[in-house]
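Coordinate analysis (summary)
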Amino acid sequence: MAQATHGIGGLTYDPAKKARPPELNVLIALILITVAFELIGRVMGDSFLFNTRDNVDAIFNWPRLNIIILQVSIIGIIALGVTQVIITGGIDLSSGSIVGATAMITMSFAQTAIVNGNPNPKAIFGDWAMDLPVIIPIVIGLACGIAAGFVNGALVAFTRIPPFIATLGMMVFARGLSRWWSNGNPVSFPTESFASIGKGMMPVAIFVTLAILFHLILTQTKYGKHCYAIGSNEQASRMSGINVASHKVLVYTIAGALAALAAVVLSSKNLTAQAGMGVMYELDAIAMAVIGGVSLQGGRGSILGTVLGALIFGVIISGFTFLKLDAYYQEMVKGAIIVGAVVLDQWRQQSRRKG
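Residues numbered from 1 in each chain as written. Predicted model: local features only at pLDDT ≥ 70, side-chain atom pairs only at ≥ 80, totals over all residues. Heavy atoms only, no water.

**Notes on the overall build of the chain**
Cut-off, in case you're wondering: The way it works is that DSSP assigns letters per residue, a run of H or I at least four long becomes a helix, a run of E at least two long becomes a strand, and they are numbered from the N terminus. Burial status follows relative accessibility: with a 1.4 Å probe on protein chains alone, a residue under 20% of its type maximum counts as buried, one over 50% as exposed, and anything between as partly exposed. For every accessible area listed, the method is Shrake-Rupley and the probe measures 1.4 Å; residues are considered covered only by the protein chains on display. When charges are counted, neither His nor the chain ends are considered; positive counts come from Lys and Arg and negative counts from Asp and Glu. Lys charges are placed at NZ, Arg charges at CZ, Asp charges at CG and Glu charges at CD.
A count of helices and strands for the chain gives 13 helices and 6 strands. Seen through its C-alpha atoms, the chain measures out along the principal axes to roughly 80 × 60 × 30 Å. Put simply, the chain has 355 residues, and 48% of those count as buried. Per element, the accessible surface of the chain, about 17700 Å² overall, is 66% carbon and sulfur. Across the chain, the mean location of the 23 positive side-chain charges is 11 Å away from that of the 16 negative side-chain charges.

Shown next, in the form of structure tokens:
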């Protein structure tokens, strides 16, 4: 029987009621979903995780495991920024549109002048914008994302417009910009140096590196402590000396920069940029964060949880492909996951209040 210890004011602490870390619950869910696909595969005479080909000397199906991580890494980069926004009690609906606009602008400055011995048929600008050093399109892309994020943060912090409305406006504006930029035409044929950014498992390496970096920032720095404090109680944070407005601008600016970086990686990986890139990415990123334990009410969550939430998305998408289910089933399930994640978040909040 657990022993309760008395604290100040008669409060008691019961070790038996100590909650498990939210990340542990997410990890368990990830394992259960993976096992479910494996069992279904076994019934069908195949394996989801393990190699079943005699001519391949490997225990695991590494191509599928690589695809699971690769297909969520770019949206995962966006989710890292969205996580920080939600922790502060905000929301960002513009990240997918920022991806589309930034991809178009970035690719315009990443083009090569000659394609198969002929002038680039997709050229947006003249020779002055061709074959530029790779750092130039990257910096231009990041600057676009930073500007968009700064506007979002300024609107939220200084005009007191609800984050939903402020970022919704940016979502519509950025999507319109992406379609206006080249009259809706795709922008293609990047330089080899720019194309190398999204080759192979580079998107995964970028995602993992950023996840580790922002995990340390949120857990070990004053910036992270202020994020959680503002999300938990904005008024108390302001009274304790935190510059809430400036911090919100910084958080939204970082989110915009990460969305722009995702656009750079995506356009490099696809070797083209199109105005429709990034559609629904914002909802996927929000769902990854909430599934990972980030509270929509602010003040709770972690980068580790978001990474696990991204892996759950990857396993579900890959599992449906493995089962040869049509793509529209994936969209239906993703919609159910988003709603379920919100319901789960509300249930967690009610449980904490009752506890």
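**Notes on helix H2 (residues 62-87)**
Condition: Think of it this way: the bend at a residue is just the angle between two axes, each fitted to seven residues, one set ending at that residue and the other starting at it.
The largest bend along H2 reaches roughly 45° and is located at Ser-73. Counted residue by residue, H2 has 19 buried out of 26 residues, so it is predominantly covered.

**Describing the environment of Ile-68**
Put simply, the test is: Residue contacts are counted whenever heavy atoms from the two residues lie within 4.5 Å of one another.
Among the secondary structure elements, Ile-68 is positioned in helix H2. In sequence terms Ile-68 and Phe-313 are 245 residues apart; their C-alpha atoms lie 8.5 Å from each other. Ignoring any residue separated from it by four or fewer positions in sequence, one finds Ile-68 in contact with Phe-48, Leu-311, Gly-314, Val-315 and Ser-318.

**A word on the side chain of Thr-112**
One can find Thr-112 in the loop between helix H3 (95-108) and strand S3 (114-115). Contacts of Thr-112, omitting those with residues within four sequence positions, involve Asn-120, Met-130, Asp-131, Phe-189, Pro-190 and Thr-191.

**Some details on the pattern of salt bridges**
Heads up, the condition is: Within this document, salt bridges are pairs made up of a side-chain nitrogen of Lys or Arg and a carboxyl oxygen of Asp or Glu, the two lying within 4 Å of each other.
For the structure on display, the rule yields 3 salt bridges. For Glu-38, the salt bridge is made with Arg-42, and the minimal N-O distance between the two is 2.9 Å. One end of the pair is Glu-38 and the other is Arg-42, both in helix H1 (residues 22-43) and 4 residues apart, which spans about a single turn. Classification of Glu-38 as buried rests on a relative accessible area of 9%. Classification of Arg-42 by relative accessible area gives partly exposed; the value is 49%. Glu-234 serves as the salt-bridge partner of Arg-238, at 2.9 Å between the closest nitrogen and oxygen. Of this pair, Arg-238 and Glu-234 both sit in helix H9 (residues 234-239), separated by 4 residues, roughly a single helical turn. Using a relative accessible area of 33% as the deciding quantity, one classes Arg-238 as partly exposed. Glu-234 gets classed as partly exposed once you look at its relative accessible area, which sits at 27%. Connected through shared salt-bridge partners, Glu-234, Arg-238 and Lys-248 make up one network.

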